[in-house]
Amino acid sequence: MHDLLGQEFSGVNHKKIYRLYREANLAVRRRRKVRQPATERQALIPASGPNPVWSMDFVSDALANGRRLKCLTIADDFSHESIDIAVDHGISGAYVIRVLDQAACFRGYPCAVRTDNGPEFTSRVFLVWTRKHKIKHLLIEPGRPMQNGYIESFNGKFRDECLNEQWFTSLVQARSVIADWRRDYNEVRPHSSCGRIPLAKFSANHRAEHLNTAVSFKPGLCQ
């Protein structure tokens, strides 16, 4: 919070921010961690820069009338930037590749995508898409969500900060609120994992610094 307010009030001491934070009772109660049985985990290989690996998963919610909402979340493994959050009542394999093609128009196609074994990611149309664009498909083992730890971490923040704090009355409203949250997450909020600057700025800085040496980035083609 001090990092965020410091952009507008550079002279404010972090201790004063903390005192006001406590007086306003803004502290979020920490959740008790659930102990899980020890299991062998597959290590995630860190990406070398923005774009080589995208991780994807689904998050479910519902409208006030009980109708189901399905959110496709896509994040960059290196920068942890939210590439897109598609929201609809149902999302098929064909829907997934349309979202990915749209993202690739601006970012280029990734070298690999990491997913679970859901039917949308193992459908024929999705597998044909990965072969067409020469994208490696990294499938995690069934029942091992932490092998997709980057997107699991992002989804936790997305649920706690957006879905659990809203009461959606329509698909249009849900898309608008989620788009605003994603924009704030990428472009406004400082993140400790990238030097306490917004993720979008971190990615832009990295691309500028490595423009002449990047060899893994494949320019996107919109057909």
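The numbers attached to residues start from 1 for each chain and follow its sequence in the written order. Per-residue local features of the predicted model are confined to residues with pLDDT of at least 70, and side-chain atom pairs are confined, for both listing and counting, to 80 or more; whole-chain, interface and lining totals are unaffected and use all residues. Only heavy atoms go into the side-chain values, all of them from the structure, while hydrogens and water stay out.

K.L.:
Break down the packing of aromatic side chains for me, citing the residues and quoting the values.
P.N.:
Under the pairing criterion, centres of Phe, Tyr and Trp rings, with the six-membered ring standing for Trp, must be within 6.5 Å; the plane angle then separates stacked pairs below 30 degrees from edge-to-face pairs above 60, leaving the rest tilted. For the structure shown, the criterion picks out 11 aromatic pairs. Plain terms: the ring middles of Phe-121 and Phe-126 are 5.7 Å apart, the flat faces sit at 65° to each other, and that makes the pair edge-to-face. Exposure class is identical for Phe-121 and Phe-126. Each is buried. Both rings, one in Phe-154 and one in Tyr-185, keep their centres 5.2 Å apart while their planes meet at 75°; by these two values the pair is edge-to-face. In this pair, Phe-154 sits in helix α6 (residues 149-161) while Tyr-185 sits in helix α7 (residues 171-187), placing the two residues 31 residues apart along the sequence. Note on accessibility: Phe-154 and Tyr-185 belong to one class, buried. Feature note: the residues Phe-58, Tyr-109, Phe-121, Phe-126 and Trp-129 constitute an aromatic cluster, connected by ring pairs. Note on criteria: charge over ring means Lys NZ or Arg CZ within 6 Å of the ring centre, with the direction from the centre no more than 35 degrees off the ring normal. The ring of Phe-58 has Lys-70 sitting right over it, with the charged end atom 4.4 Å from the ring centre. When the ring centre of Tyr-95 is taken as reference, the NZ or CZ atom of Arg-98 above it lies at 5.2 Å. The buried label applies to any residue whose accessible area, calculated with a 1.4 Å probe on protein chains only, is under 20% of its type's maximum; exposed applies above 50%, and partly exposed to all values in between. Note on conventions: DSSP H or I runs of at least 4 residues are helices, E runs of at least 2 residues are strands, and numbering of each starts at the N terminus.

K.L.:
Outline the pattern of salt bridges, supporting the account with residue identities and numerical values.
P.N.:
Salt bridges are defined by distance alone: a side-chain nitrogen of Lys or Arg within 4 Å of a carboxyl oxygen of Asp or Glu. For the structure on display, the rule yields seven salt bridges. We note a salt bridge from Lys-70 to Glu-120, for which the minimum N-O separation is 2.5 Å. Of this pair, Lys-70 sits in strand β2 (residues 68-76) while Glu-120 sits in helix α4 (residues 119-122), placing them 50 residues apart in sequence. Accessibility expressed as a relative area gives 8% for Lys-70, which makes it buried. Between Asp-180 and Arg-183 there is a salt bridge; the shortest N-O distance is 2.8 Å.

K.L.:
Can you tell me about the sheet that holds strand β4 (residues 112-115), naming the residues and giving the values?
P.N.:
Two strands make a pair as long as DSSP finds a minimum of two bridges between them. Judged by pairing direction, the sheet is mixed, and its five strands sit side by side in the order β3-β2-β1-β4-β5 without closing on themselves. Here the strands that pair on one side only, and so sit at the sheet edges, are β3 (82-88) and β5 (136-139). Within this sheet the neighbouring strands show an average axis-to-axis angle of 20°, counted without direction. In this structure, β4 lies alongside β5, joined through four bridges in parallel fashion. The partner of Thr-115 across the bridge, within β5, is Leu-139. Orientation is described by axes fitted as lines to C-alpha atoms, over the contacting stretch for helices, and by angles from 0 to 180 degrees between their N-to-C directions.

K.L.:
Requested: an account of the packing of α6 against α7, with residues and values cited.
P.N.:
Between α6 and α7, the least distance of the axes is 11 Å, while the angle of their chain directions is 125°. Put simply, α6 runs oblique to α7. In this structure, α6 meets α7 at a crossing whose hand is right-handed. Contacts between α6 and α7 involve Phe-154, Lys-157, Phe-158 and Glu-161 from the former and Ile-178, Trp-181 and Tyr-185 from the latter. Roughly parallel means an angle under 35 degrees; roughly antiparallel, over 145; roughly perpendicular, 65 to 115; everything else is oblique. A clockwise turn of the near helix away from the far one marks a right-handed crossing, whereas an anticlockwise turn of less than a right angle marks a left-handed crossing. Whether two residues touch is decided by their heavy atoms; if any such pair falls within 4.5 Å, the residues are in contact.

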